[in-house]
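Analysis of the macromolecular model
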Amino acid sequence: MSEQATSQIQPSQAVPASAPTGKPAGKGILLSDSAVQRLQLLLAERQTPDAGLRLAVKGGGCSGLQYAMEWAEKPRERDKVFERDGVRVFVDPKSYLYLMGTELVYEETLMASGFKLQNPNVKAACGCGESFTI
């Protein structure tokens, strides 16, 4: 049997903007309303409603670590699976250690739009915002 963990994430579990940084705000990956809505739209456009978004942390960048996001048709055997309103996010066990308490949000501004990870574990980030240190 696989060691998958499935969590139902409720909007009330979102990390408040004033949460202290430097230590995990809680376990799991939180999905904001904006992220859920955008992922639902993208999955419908792709016509892959059972797929999910894979989040990972990889070595690289100015500060040593960087995030990676990609589509995945299904979770891998040891992935942790977080689900809210039919949207699934897959995280490998090693990346999960760096991502505990992170909230995935989708932002749309005049200058840019995209997914952003609000990670309470980050101690420092590079100037361009693409990499971080824990």
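The chain is annotated in an unreviewed UniProt entry as Iron-sulfur cluster assembly protein from Stigmatella aurantiaca.

A few words on the pairing of strand β3 (residues 52-59). Of all 8 residues in β3, 6 are buried, a share of seventy percent or more. The sheet contact formed by β3 and strand β4 (residues 65-72) spans 8 bridges and is antiparallel. Bridge pairing in β4 links K58 to Q66. With 3 bridges joining them, β3 and strand β6 (residues 87-91) adopt parallel strand pairing.

Let us now look at the environment of A56. Following the sequence through the fold, A56 ends up in strand β3. Overall, A56 belongs to the buried group, its relative accessible area being 10%. Through-space distance from the C-alpha of A56 to that of L99 is 8.4 Å; in sequence the pair is 43 residues apart. Not counting residues within four places of it along the chain, the set of residues in contact with A56 comprises Q66, Y67, A68, D92 and S95.

What counts and what doesn't
Residues numbered from 1 in each chain as written. Predicted model: local features only at pLDDT ≥ 70, side-chain atom pairs only at ≥ 80, totals over all residues. Heavy atoms only, no water. Buried < 20%, exposed > 50% of the residue type's maximum accessible area, 1.4 Å probe, protein only. Helix = DSSP H or I, 4+ residues; strand = E, 2+ residues; numbered from the N terminus. Pairing = 2+ DSSP bridges. Contact = heavy atoms within 4.5 Å.

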